[in-house]
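# Coordinates in review
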Amino acid sequence: MNQSTSSSQVLNASRRRFLKQSGMVGGGLVMGVSLSACAATSADNRSETGFRPDAFLHITDKNQFHFYMPRSEMGQGTYTGLTTVLAEDLDVDPANIIIHHASVDEAFINADYGMQVTGGSTSMKLHYRTLRQLGANTKALIIQAAAQSLKVSVDQIRTENGQILVADKAIPYGEFAVLAGTLELAKDAALKPDNAFRYIGKDRPRLDALAKSTGTAKFGIDVDFPGLYRAVLLRCPVAGGTVKQFDATAALAMTGVHKVVKIHNGVAVVAEHYWQAKQALTNLKVEWEKPETLSAFSSDTGKAQFEAAINGDDFDTAFEQGDTDKALKAAAQTVTADYWAPYLAHATMEPMNCTVKIEEGQCEVWVGCQSPQIAQGLAAFYGDVDKDKVKVHSLFLGGGFGRRAASDYVGEAAAIAKESGVPIQLVWSREDDTQHDVYRPASMARFTVGLDKEGNISAWRVRRAGPNIMPYTIDEAVDAVAPAFLPNGMVDWMSKGGYGLFDGWTVDHASVEGLYEDYDASNKDVQHTTVDPGLPLGYWRSVGHSFSAFFKESMMDELAHKTQQDPVAFRLKHVGDNPKLKNVIEVAAKQSGWGQAAKNNRYLGFSAHTSFLAAVAQVAEVSVKNDQITVHKVVCVIDCGKVVNPEIVKAQMESGIIFGLTAALHGEITLEDGVVQQSNFHDYPMLRMPETPEIEVHIINSPNDPTGVGEPGLPPIAGAVANAIYAATGKRLRSLPLTLSS
Amino acid sequence: MIKFKLNGQAVQADVPGDMPLLWVVRDHFKMKGAKFGCGMGLCGACSMIVDGESTRTCVLPVAAVANRDVTTIEGVGQPEQLSVLQQAWVDESVPQCGYCQSGQLISATALLNKNPNPSDAEIDQAMSGNICRCGTYPRIKQAIKKAAGQPAVNVFDPKGAEA
């Protein structure tokens, strides 16, 4: 939203647009409006009278409060968090608000990305002010309507939990909803002062906990209706391969198999039940056309490509400050080290799945995804229907972590529905999920750091070698964000034109983010050199920070030890430009007992990192016995601005740490002749309860607006553990996953 | 035709005997609480209680449960009538994405039914077959301890489901 545009203008304008879309003309009385324009489920299509101030909120005359949640709930807590901020200034208990996953509409676009997507820890940051203002303005209109119909002045009216209080009477908001719908606000209503908060900042249970503790929360995979077939898809073992020829005779002869169809990236079996489809798949014979570049890549030999790039002369400059060459020559001491992080899969607990029904030019999609808008575009393209004929029903996501920002599985499902002519639910196996992910890119980095006589950093040079995410994601995104005036053919050419079209425009910021920003140095030089084996890439929780924080924080530890300085004191000397980071470092040092002698052979490792506007410091307590690494405890301090729900912030820190520990201790995707070698949880293991450390979270009390918390808890942990291992053993581990046995 | 008890009710299914119980329950009986996660019995999302034991049903042929007692999350409790453990799950805000939580609750229920006051190590052991990618383990443990501390030992009542 344009800062200079008042929310009340926007509110009035969006209301008019909604009324227009709904076929209503003239005034604001919302009578029997079909909400299908942005309804998530058929249950939303109730024709109730009431007040729909904008796309996000509908108050019925029966005093029901419907919130159309613009962002996806994938575990990070938006369902509770966004509802809480809306509820605060609306003055309605969040538990009394009926929450719907919004479908696709321009009203729900994420302003940071220009499309309807959930990611980058942006949800709370973007909606904290706007949803509070919506709540405040809506309440003001309800009060105006109440004053008018009760013939009292607005000053005589108070509100409490969805009730208008006047004299000794309490009347539900809903009674004034219709009248409120005819009124307009002259200017934005005032927001509550923080000390009047009833819901924000309080420990309140998650609003989705009940459904998720009773098996009644509906995920994409739970969609079912009469006549729905199940589909499974055989893809080329090397990503990007296509079908040369196939023989379906044996598969077609099996019980329950309805059809076998070829689509853009494989051959699908469509059957009555999943189990039948799954069994029939093993009887398919397919000959593949494999992509050359990726087929030629194997991890054990391929690492040499990254090393050559790190040693080579071909690079782009991503960031430059001062004169790093000169400063390195003048340095009292220069320290160089190379770091490595492998490819990683997301491994959401719910495997990718999507349900598509195409009938008479209309397409319905049921999916839990991070971008319903991209899902809509892909369903239109692969289902061969107009985009405005695609309706997306959003459901809970059984994990996102960036995986469901991509919608490849939606395209597959639409293609299978189109080719088979029946409604289908495509369900990926765990093996599909592990071997056909969009992966966290493998990365190598070389630091060359100059220090002056006092042990201060005078020059910070870092070069990163590896593939970039953007070329792999932009083809889906173009479809979603291309201006409406572009002809479809042109959009398809741009978006499906292939990898090369968007290569080399600029350095992809996600490739270098986090490598250089946190610490002071007069001279900084960030270089990038692209090495791309061709494995599809995507956004993996905390994106570039997932590797850069490990590299940078390990390097800081190395520098401190090289110059005989305490790692915490060394960091504090270099955070003059970063008071938030300074504060979390100090608090974490204090809370963890930093500086005390190791007890019971448990050693501490320190790490701190800023990402997604939040500063986080972590101290890991680690012991090493017979080369076995045990993480006993993690102390975590976060400054994420104002806290909407402290328990959810803590839960997200725990979540980020545990997700990060899986990567730090176990995570590695490797390839042989382009084929991903891991397939399921036995060879791509996850942290389980017995391995999970005690986690202690401290939240900084801050007056600033909230940042997101879904990602910032992850980046520091690998460095904290590696630095603790160094403290315990004197061994510097510069590769992930961390391992001491050779 | 395979007969067994599902959440206290006698049921029968005309399905191949080698079809995993998970898919019989999800696709045939249309109960969607138990989830598909890995298909190899490695993650626990599909867990159901079979004769008192938390069991991975994505690899369990339905023929193996003939004449046996199967309890799914739907049989543990309902939104309007939560088991002690489910209430603890809500109070501790355990779920995040929530996908694995049916399986987690099944394993925790089986544990407390057999061992009403488990030690930390016993909880770790009993829950080690259930993966949570969101990392809700600290809260799961907290919720189990909270429920274990309560006088109501029965974390769910299979006879109640039968009535």
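From a predicted model like this one, the values you see are computed outputs, not experimental measurements.

The next subject is the overall build of chain B. From N to C terminus, chain B includes seven helices and five strands. Reading chain B from its N end, one meets helices and strands in the order β-β-α-β-β-β-α-α-α-α-α-α. Taking 163 residues into account, the globule formula puts the C-alpha radius of gyration at 15 Å, and chain B, at 15 Å, falls close to it. Principal-axis analysis of the C-alpha atoms gives chain B an extent of 45 × 35 × 25 Å. The buried share of chain B, reckoned over its 163 residues, is 60%. Restricting the contact set of chain B to residue pairs at least 6 apart, pairs at least 24 apart contribute 61%. As displayed, chain B offers around 5900 Å² of accessible surface, 50% of which is attributable to carbon and sulfur atoms. Separation between the mean location of the 15 positive side-chain charges and that of the 15 negative ones in chain B comes to 4 Å.

A separate point is the pairing of strand β8 (residues 229–235) of chain A. All names here are of chain A. A large share of β8 lies buried, amounting to five of its seven residues. Judged from the three bridges that link them, β8 and strand β18 (residues 424–427) form a sheet pairing that is parallel. Note that in β18 the partner of Ala-231 across the bridge is Leu-426. Looking at chain direction, β8 and strand β11 (residues 266–271) are connected through six bridges and run antiparallel. What sits directly across from Leu-233, in β11, is Ala-268.

On to the packing of helix α3 (residues 84–91) of chain B against helix α4 (residues 101–114) of chain B. Residues and elements named next belong to chain B. α4 packs onto α3 with a crossing angle of 130 degrees between their chain directions and a minimal axis gap of 10 Å. Judged by the angle between their axes, α3 and α4 are oblique. Judged by the twist between their axes, the crossing of α3 over α4 is right-handed. Between α3 and α4, the residues in contact are Leu-85, Gln-86 and Trp-89 and Gln-101, Gln-104, Leu-105, Ala-108, Thr-109 and Leu-112, respectively. A per-class count over the contact of α3 with α4 returns five nonpolar, four polar and no charged.

Opposite the 48 residues of chain B that make contact, chain A presents 58 residues. Summing the contributions of chain B and of chain A, the shared interface buries around 4500 Å²; its carbon and sulfur component is 62%. Taken together, the connections running from chain B to chain A amount to seven salt bridges. Across the salt bridge formed by A:Asp222 and B:Arg26, the nearest N and O atoms sit 3.0 Å from each other. Across the chain B-chain A interface, the total number found is 24 residue pairs in polar contact (both at pLDDT 80 or more). Breaking the side of chain B that touches chain A down by element, the ones donating at least two residues are α1 (21–28), α3, α4, α5 (120–127) and α6 (137–148) of chain B. Among the elements that make up the side of chain B that touches chain A, the one with the highest residue count is α6(B) (five residues). Across the side of chain B that touches chain A, the residue classes break down as 25 nonpolar, 13 polar and ten charged.

Pairing between side chains becomes possible if they bear opposite charge and their charged atoms approach one another. All names here are of chain A. A full pass over the atoms with the stated rule returns 46 salt bridges over all chains. A salt bridge links Arg-571 to Glu-553, with the shortest nitrogen-to-oxygen separation between them at 2.7 Å. Linking Arg-571 in helix α18 (residues 567–572) with Glu-553 in helix α17 (residues 545–562), this pair joins segments that are 18 residues apart in sequence. In this pair, the class of Arg-571 matches that of Glu-553, namely buried. In this structure, Asp-557 engages Arg-732 in a salt bridge whose closest nitrogen and oxygen atoms are separated by 2.9 Å. You can see Asp-557 sitting in helix α17 and its partner Arg-732 sitting in the segment after α21 (716–729), a full 175 residues away along the chain. Of the two residues, Asp-557 and Arg-732, neither departs from the other in class, the shared state being buried.

Our next topic: the confidence of the model for chain B. Residues and elements named next belong to chain B. When the pLDDT values of chain B are averaged, the result is 93; 92% of them are 70 or greater. For chain B, the element scoring lowest by mean pLDDT is helix α7 (residues 158–162), at 48; α5 scores highest, at 98. Confidence metrics for the complex model read pTM 0.93 and ipTM 0.96.

Moving on to the environment of A:Tyr68. Residues and elements named next belong to chain A. Mapping Tyr-68 onto the fold places it in strand β3 (residues 65–69). Judged by its relative accessible area of 0%, Tyr-68 falls in the buried class. Separated by 30 residues in the primary sequence, Tyr-68 and Ile-98 have C-alpha atoms spaced 8.6 Å apart.

Now for helix α2 (residues 78–90) of chain A. Between its first and last C-alpha, α2(A) extends 18 Å over 13 residues, near the 18 Å set by a 1.5 Å rise per residue. Downstream of α2(A) by one or two residues, A:Asp91 has phi in the positive range, about 65 degrees.

Residue and element names in this part refer to chain A. Between its terminal C-alpha atoms helix α3 (residues 123–150) stretches 39 Å, which fits the 40 Å expected from 28 residues at 1.5 Å a residue. Roughly 30 degrees is the biggest bend found in α3, and it falls at Arg-129. Burial analysis of α3 places 21 of its 28 residues in the buried class, which makes it a mostly covered element.

Calculation criteria
- Residues numbered from 1 in each chain as written.
- Chains lettered and ligands numbered in written order.
- Predicted model: local features only at pLDDT ≥ 70, side-chain atom pairs only at ≥ 80, totals over all residues.
- Heavy atoms only, no water.
- Helix = DSSP H or I, 4+ residues; strand = E, 2+ residues; numbered from the N terminus.
- Rg over C-alpha atoms; globule rule 2.2 N^0.38 Å.
- Buried < 20%, exposed > 50% of the residue type's maximum accessible area, 1.4 Å probe, protein only.
- Contact = heavy atoms within 4.5 Å.
- Areas by Shrake-Rupley, 256 points an atom, 1.4 Å probe, with all protein chains shown as cover.
- Lys, Arg positive; Asp, Glu negative; His and termini not counted.
- Charge placed at Lys NZ, Arg CZ, Asp CG, Glu CD.
- Pairing = 2+ DSSP bridges.
- Axes fitted to C-alpha atoms, helices over the stretch in contact; angles between N-to-C directions.
- Parallel < 35°, antiparallel > 145°, perpendicular 65-115°, else oblique.
- Left-handed = near helix turned anticlockwise from the far one by under 90°.
- Nonpolar A, V, L, I, M, F, W, Y, C, P; charged D, E, K, R; others polar.
- Buried area = accessible area lost by both parts, 1.4 Å probe.
- Salt bridge = Lys/Arg side-chain N within 4 Å of Asp/Glu carboxyl O.
- Polar contact = N/O pair within 3.5 Å; in protein donor to acceptor, adjacent residues only side chain to side chain.
- pLDDT = per-residue confidence, 0-100.
- Expected span 1.5 Å × (residues − 1).
- Bend = angle between axes of the 7 residues up to and from the residue.

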